[in-house]
Structure formats: structure tokens, C-alpha cells
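Spelled out from the first residue to the last, the chains are:
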Amino acid sequence: MAFGISRKELEQWKEEVTRGEISFLTHFWLDNRFPDSHCVTKAGCKDLEKLANWGEQFDLKKEWIHHNEQYPHFDLLGKTQVKVLKHYGLDAHIKRFKLHI
């Protein structure tokens, strides 16, 4: 379950993913499989090859891509999540979602 974002933020992410851009969406999230994570960052791109190649620089395997029909993405958690957000200067995501790892 995702929460803590606006409809506008979600729509912007969807538009960027659809255009073939690498786009990031961080939101609060609850999933019993990951009890130590309270949020996730979705790194999405409609171009699967571009997304897989992008993921390689962060040691993400293409097998980890969530093949959502319209919005393929990696789910970033923990240290990788923070590393990617810092790499792209998305400190506002880190602060807003209290990511201190």
C-alpha cells in the first residue's frame, strides 16, 4: 500500500516513465515481507533495456525489474535506495521520507 504522495506526483512519475525517462517516485509503504522498510523508491522507465542498463550501475539485476505492464520499475529499498537518491541529488526524498541509513 502506497501513501504520502499527491496525485500530481504520481501522474508526473507515470508520464516520465511512459516517455522513456528514468523517473523516481518515493512513497511511504507497508509490506510485511520487508518489516525494516517504511518506504520504497520506484525507479521506472518504459524502455526495459534502458532501465536494465541503468540498474547495472547500482548492481541491480534485470531480473529484479517489476514488469508492470504500463510502468516497469525497480523497487529500491534500504542502502541502495539512499545511494540512488543521493546520486541524483534527491535529498528532498531522503528528508521527506526520513531515510537515514
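Within each chain, residues carry numbers counting from 1 in the order of the written sequence. At least 70 in pLDDT is required for a residue's local features to be given in this predicted model, at least 80 for side-chain atom pairs to be given and counted, and no such filter applies to totals for whole chains, interfaces and linings, which use all residues. Hydrogens and waters are ignored; side-chain quantities use all the structure's heavy atoms.

So, about the overall build of the protein. Per the convention used, a helix needs a DSSP run of H or I reaching at least four residues, while a strand needs a run of E reaching at least two, with both numbered from the N terminus. Check the secondary structure of the protein and you find four helices and four strands. Going residue by residue from the N terminus, the α and β elements of the protein occur as β-α-β-β-α-β-α-α. Computation of the radius of gyration draws on C-alpha atoms alone. For the globule rule, the value is 2.2 Å times the number of residues to the power 0.38. Expected size for 101 residues packed as a compact globule is a radius of gyration near 13 Å; at 13 Å, the protein falls within 12% of this value. With the C-alpha coordinates aligned to their principal axes, the bounding extent of the protein is approximately 30 × 30 × 30 Å. The cut-offs for exposure are 20% and 50% of the maximum accessible area for each residue type, with area from a 1.4 Å probe on protein chains only; residues under the lower value are buried, those over the upper are exposed, and the others partly exposed. For the protein, buried positions account for 39% of its 101 residues.

On to the pairing of strand 3 (residues 39-44). Two faces, one strand: in a regular strand the side chains alternate between the faces of the sheet. Burial analysis of strand 3 places six of its six residues in the buried class, which makes it a mostly covered element. The alternating pattern of strand 3 places Cys39, Thr41 and Ala43 and Val40, Lys42 and Gly44 on opposite faces, both of which are buried. Alignment of strand 2 (residues 23-29) against strand 3, held across six bridges, turns out to be antiparallel. The residue of strand 3 that forms the bridge with Leu25 is Lys42. Where strand 3 and strand 4 (residues 73-76) come together, four bridges link them in antiparallel fashion. Residue pairing in the sheet places Thr41 in a bridge with Leu76 of strand 4. Two strands are said to pair when DSSP picks up at least two bridges between them.

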